[in-house]
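So you can see what is in the structure, the chains are spelled out below.
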Amino acid sequence: LIFDLTNRAGEFMEKQVANGNPFYLQISHYAVHLGITYTQKSLDKYKSLKPGEKHHIPEFAAMTEDLDQGIGILLSKIEELGLLENTYIIFMSDNGGRSSQPIGNQQTVARNYPLRNGKGSMYEGGIRVPFIVAGPNVKKNSYTHVPVTGMDILPTLAELAGYKEKLPEVLDGGSFASVINNNGKGKVERNLPYLIFHHAVDRKAQSAIREENYKLVKTWKGNQLELFDLSKDVGEENNLAESLPEKV
């Protein structure tokens, strides 16, 4: 599926370029997920390596390398089509990594360490994900500490594409165009000054709200409230709720 999706995406871009169309393309890979599939070449490579403490499953490593190759093929296609100078590329995950895998030995070191927990939780291991942007005026190897979410993508692309109309106030996100074009410095202006996360479905209901460096996590069962200063405690080990009740 990695290479099938990659090829279909490449064909889509070729068609748009041939027709002189601007385009938006979103590729949501099945990898890396629990349907662990891989090429034999990648599996042979990782089976020959010494297992790590956090990551020790050759099959999962092989799938990850195959995904990386798929991304590389797409980047080469963008370059081949002459789109590098006017195309923004965003690479991200939809949620934090799982705390465990269905195959392989049990973890001795938490998979998302130093972050707490993983997918399905509102701690950083569940919501802090890779987020990489490449494109015009984005300085190579630059980095930012400004928090953004997937909800910021629509307002950002609207600004980068030159959309002049006022966006609906119901949108939770804001544009991070000024951040990526200013070497990671700046601020994302949103209708509300904080970020909200929530998850329930068939898991334990939990919510989080973040403003600047402070983050409040609410576990609905028992009405448990935890406050963390992420600038000093990214592992969310020091609960400040009792010492900072007004902040809570």
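Everything numeric here is computed off the predicted structure, so don't read it as measured data.

Across all of its chains, the model carries 10 salt bridges by this definition. For the salt bridge of Glu80 with Lys77, the shortest nitrogen-to-oxygen distance reads 3.4 Å. Here the residue Glu80 and the residue Lys77 both occupy positions in helix α3 (residues 58-80), the gap between them amounting to three residues, near one helical turn. What makes Glu80 exposed here is its relative accessible area of 58%. Among the ionic pairs, Arg116 bridges to Glu226, the shortest N-O distance being 3.5 Å. Separated by 110 residues along the polypeptide, Arg116 in the loop between β1 (89-92) and α4 (124-127) and Glu226 in strand β6 (residues 224-229) bring together distant segments of the chain. Judged by relative accessible area, Arg116 falls into the partly exposed class, the value being 25%. Here the salt bridges share partners, and the residues they tie into one network are Glu124, Arg128, Lys215 and Glu236.

Rules used throughout
- Residues numbered from 1 in each chain as written.
- Predicted model: local features only at pLDDT ≥ 70, side-chain atom pairs only at ≥ 80, totals over all residues.
- Heavy atoms only, no water.
- Salt bridge = Lys/Arg side-chain N within 4 Å of Asp/Glu carboxyl O.
- Helix = DSSP H or I, 4+ residues; strand = E, 2+ residues; numbered from the N terminus.
- Buried < 20%, exposed > 50% of the residue type's maximum accessible area, 1.4 Å probe, protein only.

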